[in-house]
Amino acid sequence: MTDSSPLDVLDPATGETIASVPGATAADVDDAVRRAARAQTGWAALAPGERARQLRRFAAVVDEHLEELAQLEVREAGHIVGNARWEAGNVRDLLDYAAGGVERLTGRQIPVAGGIDVTFLEPLGVIGVIVPWNFPMPIAAWGFAPALAAGNAVVLKPAETTPLTALRLAELALEAGLPEDLLQVLPGRGDVAGEALVRHPGVAKIVFTGSSRVGRRVMALCSDQVKRITLELGGKSPNIVFADADLEAAAAAAPMAFLDNAGQDCCARTRILVQRPVYDRFLELLEPAVESVRVGDPADERTQMGPLISRAQLERVGAYVEGARGDGGTPAIRGRAPEGPGFWFPPTVLTGLSPEAPAACEEIFGPVAVVLPFEDEADAVRLANGTEYGLSGSLWTRDVGRALRVSRAVRAGNLSVNSHSSVRYWTPFGGFGASGIGRELGPDALAAFTETKNVFISTEGTDR
Ligand code: NAD
């Protein structure tokens, strides 16, 4: 494979090739960054109200194409259609929300002697957004919507396997009237186009979402230029079930908390920690809940879980489950998955592993959870914090004091109590530890794409 080899896009439900797109080279990236820099100057000079209006128009055009975008995501990523519709809607909502922030992106006036002191939130310039394959549309928009709103241009590199919705979004931006070259999408290999974007001196900031392994490399490359960076990386999130919890509710909610998107979710609650006195009962309740999850054709409205993204991912997930057997683990619960073509893996729950076993503490990124017993609150917190990650987590208890104590003690960026919800476009999202640096979404999203400038204006005429 050469640097510019075309990228084949496969339907994960059938394994068939559905498209082939050209792969960008380092020269293509250089050209795109130069054009983006020119577009950014005019964009940043627009009145905030006008920038906001254009972004709202972009949101409206995305909304008009919601079903088309959703169907495209079903085909290229194997997402179940209900999720894909939510994901396209998330792009629209992000654009609307970011548009609402444009006129509110104000600096401050700070009291000083002999003049006035004001701060400006200046755009950074060209932002490089690098996106993984697991949520191609939302993760693209988490980067480009606030970046554009804050007055920047964006060059976006989608994942090799899922470039189609990003390419379509860039077309829709033009259709909505956004300036040419302001939002460019360059599909390409990570080690070629991705790395060229990271190394490019004309790129002021990189927003990288992907594995912790590549994230570490991106961070090292950015350090050379002291380049700004946001990293959204991996996770191995705990789901802590205390003995005083509503056990039926906790067991009913646990399957989709690790099976949504076939477990290819950085927030997947794959480390289920259950207090010893209710451990056996919880597993009894979990078994039928996992077995009843409908796995199959992602285009079918009733399906709850689709295929994995690729053969490589299928092999990786299978290797973890095999490895777990070798470490004394048992696949205590197994759901069903279609046979035949496509990249299918059944829902799987492992028991009998030590918390340090690879399947229990590394990110598998497939429909596999491990259940571990714990003794008391301190033990639960120790286990929850026992991985290098710190992205999300849930805890189930009826005790409000415990809910707050444990929420404060678990080192993770997004926690939910008696719920697994962790992503809303208007609340902050991001990780502790190896799960990343910086926060996306929420009220401060635009500020992450600005540099604060302080200006003092003397009213005295001379420096004294
Ligand atoms: P990945 O790290 O392999 O790839 C992510 C992106 O980086 C792709 O576009 C890839 O082409 C690019 N890339 C690869 N090598 C590169 C390099 N040397 N320089 C620049 N770019 C490079 O990750 P993936 O397998 O696509 O995605 C899965 C991972 O993403 C999981 O670890 C998951 O937890 C993580 N993720 C995190 C979040 C979050 O918000 N924290 C959200 C979704 C996914």
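Residues numbered from 1 in each chain as written. Predicted model: local features only at pLDDT ≥ 70, side-chain atom pairs only at ≥ 80, totals over all residues. Heavy atoms only, no water.

**Quick look at the overall build of the protein**
Looking only at helices and strands, the protein features 14 helices and 18 strands. Relative to the globule expectation of 23 Å for 464 residues, the C-alpha radius of gyration of the protein, 23 Å, shows essentially globular dimensions. Seen through its principal axes, the protein has C-alpha atoms that stretch 75 × 55 × 40 Å. Sorting the 464 residues of the protein into buried and exposed places 57% on the buried side. Relative to all contacts within the protein whose residues are 6 or more apart in sequence, the contacts with residues 24 or more apart total 73%. About 18,800 Å² of surface is accessible on the protein, with carbon and sulfur atoms providing 53% of the total. (Helix = DSSP H or I, 4+ residues; strand = E, 2+ residues; numbered from the N terminus. Rg over C-alpha atoms; globule rule 2.2 N^0.38 Å. Buried < 20%, exposed > 50% of the residue type's maximum accessible area, 1.4 Å probe, protein only. Contact = heavy atoms within 4.5 Å. Areas by Shrake-Rupley, 256 points an atom, 1.4 Å probe, with all protein chains shown as cover.)

**Overview of the state of the cysteines**
Overall, the coordinates contain zero disulfides when judged by the stated rule. Distance from the sulfur of Cys 361, which forms no disulfide, to the nearest cysteine sulfur (Cys 266) is 18 Å. The exposure class of Cys 361 is buried, given its relative accessible area of 19%. (Disulfide = S-S within 2.5 Å.)

**So, the sheet that holds strand E3 (residues 109–110)**
Taken in spatial order, the three strands line up as E3-E4-E18 in an open sheet, and their pairing is antiparallel. On the outer flanks of this sheet lie E3 and strand E18 (450–458), each paired with one strand and no other. Where strand E4 (residues 115–123) lies against E18, nine bridges are found, and the strand directions are antiparallel. Across the sheet, Phe 120 pairs through a bridge with Lys 453, a residue of E18. (Pairing = 2+ DSSP bridges.)

**A closer look at the nonpolar core**
Core analysis: the largest hydrophobic core is formed by 76 residues, its most contacted members being Leu 55, Phe 58, Leu 95, Phe 144, Val 154, Leu 156 and Ile 206. By residue number, the principal contributor to this core is helix H5 (residues 136–149), which donates ten residues. Counting residues in hydrophobic clusters, the runner-up holds 58 residues, among them Leu 259, Val 274, Val 293 and Phe 345. (Core = buried A, V, L, I, M, F, W, Y, C linked by side-chain atoms within 4.5 Å.)

**Structural notes on helix H7 (residues 190–199)**
Counting buried positions over the ten residues of H7 gives seven, a clear majority of the element. Tucked inside the fold, the buried residues of H7 contact helix H1 (26–45), strand E5 (126–130), strand E6 (153–157), strand E8 (203–209) and helix H8 (212–224).

**Points about the sheet that holds strand E17 (residues 436–437)**
A sheet is described by the order of its strands in space; here six strands give the open sequence E7-E6-E5-E8-E9-E17, paired in mixed fashion. What marks the edges here is a single partner per strand, and that holds for strand E7 (183–185) and E17. Pairing geometry for E5 and E8, over five bridges, is parallel. Bridge pairing in E8 links Ile 127 to Lys 205.

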